[in-house]
Amino acid sequence: ESGEYIRTLKGHTNTVNGLAFTPTGSHLASCSTDLSIKLWDFQTYACIKTLRGHDHTISSVVFLPLFDTPADSDGASGGDFLTTTKCKRLLS
């Protein structure tokens, strides 16, 4: 909250174009000119998955809550879709 630098997440090999947090803030998605999307565990700051397959630069990502799934004990939805204009993947 102070605006101070905390950490750099290393993994992309080119410009990062977009970021999105899950509604709970537990995971971060990043998309890049390197044609990949990376999913980060925001508790450990580790990259837990790299999604490849795009033919062109990925300009943005967004998590969409799945409202028709059972809620976890903390009230969060059972999963979230990570989506771009070209792909849809489930993060559970």
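By convention here, each chain's residues receive numbers from 1 onward along its written sequence. Confidence filtering applies because this is a predicted model: local features only for residues at pLDDT of at least 70, side-chain atom pairs given and counted only at 80 or more, and all residues used for totals across whole chains, interfaces and linings. Hydrogens and water are ignored here; the side-chain numbers use all heavy atoms of the structure.

Trainee: Any details on the nonpolar core? Residues and values, ideally.
Mentor: By size, the foremost hydrophobic cluster in this structure holds nine residues: A20, A29, C31, I37, L39, L51, I58, V61 and F63. Here a helix means four or more residues in a row that DSSP labels H or I, a strand means two or more in a row labelled E, and each is numbered from the N terminus. Secondary structure elements with two or more residues in this core: strand 2 (27-32) and strand 3 (36-41). Put simply, a nonpolar core is a bunch of buried Ala, Val, Leu, Ile, Met, Phe, Trp, Tyr and Cys residues held in one set by side-chain atoms that sit within 4.5 Å of each other. Type-normalised accessible area, obtained with a 1.4 Å probe on protein chains alone, sets the label of each residue: buried when under 20%, exposed when over 50%, and partly exposed for intermediate values.

Trainee: So what about the packing of aromatic side chains? Which residues, and what values?
Mentor: Two rings belonging to Phe, Tyr or Trp (six-membered ring only in the last case) form a pair when the distance between their centres is within 6.5 Å. Interplanar angles under 30 degrees mark stacking, angles over 60 mark edge-to-face geometry, and anything in between is tilted. As enumerated under the stated definition, the model contains two aromatic pairs in all. With 4.9 Å between their ring centres and 90° between their planes, F21 and F42 make a pair best called edge-to-face. A residue pair is termed long-range when its members are at least 10 positions apart, and F21 in strand 1 (residues 16-21) and F42 in the loop between strand 3 and strand 4 (46-52) qualify at 21 residues. Judged by relative accessible area, F21 falls into the partly exposed class, the value being 45%. A relative accessible area of 25% places F42 in the partly exposed class. Seen in terms of ring centroids, F42 and Y45 are 5.2 Å apart; in terms of plane orientation they differ by 70°. Their pairing is edge-to-face. The rings of F21, F42 and Y45 are connected pair by pair, giving a single aromatic cluster.

Trainee: Outline the sheet that holds strand 4, listing residues and values.
Mentor: In space, the four strands of this open sheet follow the order 1-2-3-4, with antiparallel pairing throughout. The strands lining the two open edges of the sheet, one partner per strand, are strand 1 and strand 4. This sheet shows a mean twist of 20° between the axes of neighbouring strands, independent of strand direction. Sheet topology note: the strand 1/strand 2 ladder contains five bridges and is antiparallel. Looking across to strand 2, one finds that L19 is bridged to S30. Strands are labelled as partners when DSSP assigns at least two bridges between them. Only C-alpha atoms enter the line fits that serve as axes; for helices the fit covers just the stretch in contact. Angles between N-to-C directions range over 0 to 180 degrees.

Trainee: Break down the pairing of strand 4 for me, with residues and values.
Mentor: As judged from the six bridges shared by strand 3 and strand 4, these two strands associate in the antiparallel manner. Following the sheet pairing, S36 is matched in strand 4 by R52.

Trainee: How would you sum up the side chain of H27? Please name residues and give values.
Mentor: In this structure, H27 sits in strand 2. Any pair of nitrogen or oxygen atoms within 3.5 Å is treated as a polar contact; in protein, a donor-acceptor pairing is required on top of that, and neighbouring residues in sequence qualify only through side-chain atoms on both sides. Engagement of the side chain of H27 in a polar contact is seen with the side chain of S26, the distance being 2.9 Å.

Trainee: Quick rundown of the pairing of strand 2? Include the residues and the values.
Mentor: Among the six residues that make up strand 2, six are buried, leaving the element largely enclosed by the rest of the structure. Side-chain alternation along strand 2 places H27, A29 and C31 on one buried face and L28, S30 and S32 on a second face that is also buried. Counted between consecutive antiparallel strands, the loop separating strand 1 from strand 2 contains five residues, among which G25 sits at a positive phi close to 80°. Of the pairings in the sheet, the one linking strand 2 to strand 3 comprises five bridges and is antiparallel in character. Of the residues in strand 3, the one forming a bridge with L28 is W40.

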